[in-house]
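Coordinate analysis (summary)
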Amino acid sequence: MKVRGTVRPPGDKSISHRALMLAALAHGTSELEGLLTGADVKSTARVLRHLGAEISSIRDGANVTVHASRITHPASRLNCGNSGTTARLMLGILAGQRFAATLTGDASLRRRPMRRVTEPLRAMGAEITERRGDSLPLTIRGGRLHALTYTTPVASAQIKSALLLAGLTGNVGVAIREPYRSRDHTERLFVHLGLSLHERDGAITYDPPERRAIVPSFRLSVPGDASSAAFLVGAAALAQDGELVIENVGVNPTRTGFLVVLARMGARVERVNLRDAGGEPVADLVARPAALRGSEVAAAEVPTLVDEVPILAVLASRAEGETVFREVGELRVKESNRLELIAANLRALGVEAEARGNDLYVCGTARPPRGRVDTARDHRLAMAFAVLGTVPGAGVRLSERASVAISYPRFFDDLRSIRETGKGKRER
């Protein structure tokens, strides 16, 4: 297979969520360009509309306008769909509101842990009532919060962002320390909007003004999603020939650990046309085929590539030798039990793979992958194993494909468009 052409991944999912939320808290009308049109971001928009924000339709090629007034009491439950980011970050926003609201979600989201966020929010003074233990649905009543200094048990941008948003809406100080640095899109947006956020003595610190902070309305161009770009980079690395240009990708260093690991594995991806957009570094990536070799991914690297473990594991299955991913137990509480499913699906395709404790081991093979993959309706598993299915002689059958709409609605079209199966002939 030859890879060729230029492709632009969808807008960054993490930034899209946060931009919508801050626009809904702003005074006036904000305009967002390049917002992700996937299901998770639409869940955030739906929740914000129920809280009183006016948000235009989210569709391909259209800018999104957000007209905000005061956050108001919702008339019904707030359905977060499949989006853990929506649920956890909205808990932070709601912690500063003096009314009760109930959050719920689909069956998958209702299995995901929430106490990692609700416990520190309770420590700030929010009242939270659980109905099914450590999961949705739950009811939060915000109010008079007090300052918090907190060390997160895991490196989590969702915990950190929820607490910063609680500090913003509750007008109290927050200082957060992490075991490792997680993605910092919330911090960058705070600084870009002139909110009082600093790094002090190893902690991310929000210092509120004497009067409640006013979030200014803003215009923002959302860069392409690094996690979505990773699947395209993976397809290029597995190709036999050619070159692929992936345009307008956010290259925030807290998101590009997968590029560091790929370089160790033998795939060097060029960054060209480096620029800044709304406080975020952006570049075009040039990816080419590579002879891959096994590597070890250290625990300290995982926060910078946690969403890319599925595609890195797939690439490791085609590398020479063994690859080990250390301390990736967080994958057990993603949209699926990704850790066990990555290993089980690789084994179903004839690859030696095993989850031992919180570590993942993958042995590379030259045999074409053949078999059925259970995606468990997890978008990143579906995309990763679809990329593996581009290997010559592969016979990879996915249990479903619809889940990719969560983060990359046109993924399969883009994957087809960049491939050539014959001399000068693109795959149809």
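Notes on the structure in this doc start here. (Residues numbered from 1 in each chain as written. Predicted model: local features only at pLDDT ≥ 70, side-chain atom pairs only at ≥ 80, totals over all residues. Heavy atoms only, no water.)

**Thoughts on the sheet that holds strand β14 (residues 219-221)**
The mixed open sheet is built from four strands, whose spatial order is β4-β5-β3-β14. Looking at strand neighbours, the two that pair on one side only are β4 (54-55) and β14, the edges of this open sheet. In terms of strand pairing, β4 meets strand β5 (residues 64-68) through two bridges, oriented antiparallel. Note that in β5 the partner of glutamate 54 across the bridge is histidine 67. Sheet strands in contact with helix α1 (residues 13-25) are β3 (28-33), β4, β5 and β14, and its direction is about 35° off that of β5. (Pairing = 2+ DSSP bridges. Helix = DSSP H or I, 4+ residues; strand = E, 2+ residues; numbered from the N terminus. Contact = heavy atoms within 4.5 Å. Axes fitted to C-alpha atoms, helices over the stretch in contact; angles between N-to-C directions.)

**A few points about the pattern of salt bridges**
The full count for this structure, using the stated rule, is 29 salt bridges. Where arginine 356 meets glutamate 354, a salt bridge forms, and the shortest distance between an N and an O atom there is 3.0 Å. (Salt bridge = Lys/Arg side-chain N within 4 Å of Asp/Glu carboxyl O.)

**Some details on the nonpolar core**
Counting residues in each nonpolar core, the largest one holds 71 residues, and the members touching the most others are Ile246, Phe325, Leu346, Leu360, Val362, Phe385 and Phe411. At nine residues, the largest contribution of residues to this core is made by helix α7 (residues 226-238). Setting aside residues up to four positions removed in sequence, phenylalanine 385 forms contacts with Val314, Ile342, Asn345, Leu346, Leu349, Val373, Val396 and Leu398. (Core = buried A, V, L, I, M, F, W, Y, C linked by side-chain atoms within 4.5 Å. Buried < 20%, exposed > 50% of the residue type's maximum accessible area, 1.4 Å probe, protein only.)

**What to know about the environment of histidine 73**
Looking at the element boundaries, histidine 73 is found in the loop between β5 and β6 (78-79). As for histidine 73 and glutamate 322, which are separated by 249 residues in sequence, their C-alpha atoms are 54 Å apart. The residues touching histidine 73, leaving out its near neighbours within four places in the chain, are Phe99 and Ala100. In terms of polar contacts, histidine 73 uses its side chain to reach the backbone carbonyl oxygen of alanine 100, at 3.2 Å. (Polar contact = N/O pair within 3.5 Å; in protein donor to acceptor, adjacent residues only side chain to side chain.)

**Some details on the sheet that holds strand β2 (residues 6-7)**
In space, the four strands of this open sheet follow the order β2-β16-β18-β17, with mixed pairing throughout. Of all strands in the sheet, those with a lone pairing partner are β2 and β17 (270-277), marking the two edges.

**A few points about unusual backbone geometry**
With omega at 0°, the peptide bond leading from leucine 136 into proline 137 counts as cis. Assignment of secondary structure puts proline 137 in the loop between β8 (127-130) and β9 (138-141). Here asparagine 248, not a glycine, exhibits a phi torsion of approximately 60°, which is positive. Topologically, asparagine 248 is positioned in strand β16 (residues 244-250). You can call asparagine 248 buried: its relative accessible area is 16%.

**Focus on the environment of serine 217**
Considering the arrangement of structural elements, one finds serine 217 in the loop between β13 (203-206) and β14. Residue classification places serine 217 among the partly exposed residues on the basis of a relative accessible area of 34%. Separated by 15 residues in sequence, serine 217 and leucine 232 have C-alpha atoms that sit 34 Å apart. When neighbours within four sequence positions are excluded, serine 217 is seen to be in contact with Ala26, His27, Gly28, Thr29 and Ser30.

**Things to note about the packing of aromatic side chains**
Evaluated as defined, the whole model comprises four aromatic pairs. Ring geometry for phenylalanine 190 and tyrosine 206: centres 5.8 Å apart, planes at 85°, overall edge-to-face. Here phenylalanine 190 is found in helix α6 (residues 185-192), whereas its partner tyrosine 206 is found in strand β13, with 16 residues between them in sequence. Classification of tyrosine 206 by relative accessible area gives buried; the value is 1%. Between tyrosine 408 and phenylalanine 411, the ring centres sit 5.4 Å apart and the planes meet at 65°, which makes this aromatic pair edge-to-face. By relative accessible area, which is 0% here, tyrosine 408 ends up buried. For phenylalanine 411, a relative accessible area of 0% translates into the label buried. (Phe/Tyr/Trp six-rings, centres within 6.5 Å; stacked < 30°, edge-to-face > 60°.)

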